[in-house]
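Here's the letter readout for the chains.
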Protein chains: 2
Amino acid sequence: MENQGKNNNPAVTVSRMVEDIVGCKWSLSVIKAVRNKLVRPGEIQRSIDGISTKVLNERFNKMLRYGILDKTIFPEVPPRVEYHLTEFGEKFIVIIDNIDALQGEVKTRKKQ
Amino acid sequence: MENQGKNNNPAVTVSRMVEDIVGCKWSLSVIKAVRNKLVRPGEIQRSIDGISTKVLNERFNKMLRYGILDKTIFPEVPPRVEYHLTEFGEKFIVIIDNIDALQGEVKTRKKQ
C-alpha cells in the first residue's frame, strides 16, 4: 500500500494556503466532501456539481502538495484510491471554518 | 468621546486580511502589544523595538479599516487616545494564533 502526500513539507506558508483554498470554490467543495467521509475520487466527483475530472485532479494534487490530504493506493485490481484529511488538514480546516464564520459576520454587519 | 473603527464593514475579505497581517511583522507586533493590554500609542510604540511613528500610524489605520482595532479619543486636554481590540479583532487573532501554531508545526516537520 502506497501512501502519498503525508509530511511533504510545503514551502508555501500556511497563510498563503489559507488564502488559496478560501478563494477556490472547487477546493472548498473537495474538502467538504472529504470531511463528509467521501474518500474515493469517483464518489467525490459525483458529489460536486459540475466539477470535471481534470479540475478535481488538479485540486487533489494541490492539496497533496500542501499536506492537507493524503492519497492511499490499495494494490487491488483495479487499484483502489482513497483520499483522507491528514492531521495537518484537520487543523487546517478549523482555520478555514473560523474564517468562514468571521466572513459571515462581516457580511451580516454590512446588511445592517 | 469619539469612537472610530468599529463596525467599518471592510470590503477586504477576512482571508486577505489574514494574509496581510500574518505577512507584516509590524502589524503582528502591534496586535501583540494591544493584547498585552497596552492601549496608548506612546506605550505601544515604546514596546516595539525600532517602529517609527509613521509606520505605527499606518498599521493603526489599517487595523481600524479592517475593524480589528477601535480607536477612542477622550475629550481631555491634551486628548487621550486609546486603541483596543474589537470583538471582531478578538476572533481574528484566534485565527492568527492557529495559523502561527500550524506554521510552527510545518517548520518542525521540515527540520526532522
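Residues numbered from 1 in each chain as written. Chains lettered and ligands numbered in written order. Predicted model: local features only at pLDDT ≥ 70, side-chain atom pairs only at ≥ 80, totals over all residues. Heavy atoms only, no water.

Enquirer: For this particular structure, what's the right way to read the nonpolar core?
Expert: It is characteristic of soluble globular proteins that their nonpolar side chains tend to be buried jointly. Membership of the largest hydrophobic core comes to 65 residues, with the highest contact counts inside it found for Ile68, Leu69 and Phe92 of chain A together with Leu69 and Phe92 of chain B. Contact partners of Ile68 of chain A, with chain neighbours within four places excluded, come to Ile21, Ile31, Met63, His84, Leu85, Thr86, Phe88, Gly89 and Phe92 of chain A. (Core = buried A, V, L, I, M, F, W, Y, C linked by side-chain atoms within 4.5 Å. Buried < 20%, exposed > 50% of the residue type's maximum accessible area, 1.4 Å probe, protein only. Contact = heavy atoms within 4.5 Å.)

Enquirer: Sorry if this is basic, but what is going on with the packing of helix H2 (residues 25-35) of chain B against helix H4 (residues 53-66) of chain B here?
Expert: Packed helix pairs are characterised by how far apart their axes lie and by the angle those axes make with each other. Residues and elements named next belong to chain B. Running from amino to carboxyl end, H2 crosses H4 at an angle of 75 degrees, the nearest separation of the two axes being 10 Å. Relative to H4, H2 is oriented roughly perpendicular. For the pair H2 and H4, contact is made by Trp26, Ser27, Val30 and Ile31 and by Val55, Leu56, Arg59, Phe60, Lys62 and Met63, respectively. (Axes fitted to C-alpha atoms, helices over the stretch in contact; angles between N-to-C directions. Helix = DSSP H or I, 4+ residues; strand = E, 2+ residues; numbered from the N terminus. Parallel < 35°, antiparallel > 145°, perpendicular 65-115°, else oblique.)

Enquirer: Mind showing me how you'd approach the pairing of strand S2 (residues 69-74) of chain A here?
Expert: Across a regular strand the side chains alternate sides, sitting on one face of the sheet and then on the other. Residues and elements named next belong to chain A. Burial analysis of S2 places 6 of its 6 residues in the buried class, the great majority of the element. Neither face of S2 is open: one carries Leu69, Lys71 and Ile73, the other Asp70, Thr72 and Phe74, and all of them are buried. One ladder, built from 6 bridges, connects S2 with strand S3 (residues 80-85); its direction is antiparallel. What sits directly across from Leu69, in S3, is Leu85. Taking the residues between adjacent antiparallel strands as the criterion, S2 and S3 are bridged by 5 residues. (Pairing = 2+ DSSP bridges.)

Enquirer: How should I be thinking about the pattern of salt bridges in this particular structure?
Expert: Residues and elements named next belong to chain A. Taken as a whole and judged by the stated rule, the model has 16 salt bridges over all chains. For the salt bridge of Arg80 with Glu82, the shortest nitrogen-to-oxygen distance reads 2.7 Å. Judged by relative accessible area, Glu82 falls into the buried class, the value being 13%. Linked by salt bridges that have partners in common, Lys54, Glu58 and Arg59 make up one network. (Salt bridge = Lys/Arg side-chain N within 4 Å of Asp/Glu carboxyl O.)

Enquirer: Help me understand H2 of chain B, please; the structure alone is not making it clear to me.
Expert: Quick reminder: α-helices carry 3.6 residues per turn. Residues three or four places apart thus point the same way. Residue and element names in this part refer to chain B. Those residues of H2 that fall on the buried side of the exposure criterion are Trp26, Ser27, Val30, Ile31, Ala33 and Val34. What you see down the axis of H2 is that its buried residues fit within an arc of 160 degrees, all on one side. Within H2, the exposed residues directed more than 90 degrees away from the buried face are Lys25 and Lys32. At the C-terminal side of H2, Lys37 shows a positive phi close to 70 degrees. (Arc of directions from axis to C-beta.)

Functional significance is not addressed by these values, which are geometric in nature.
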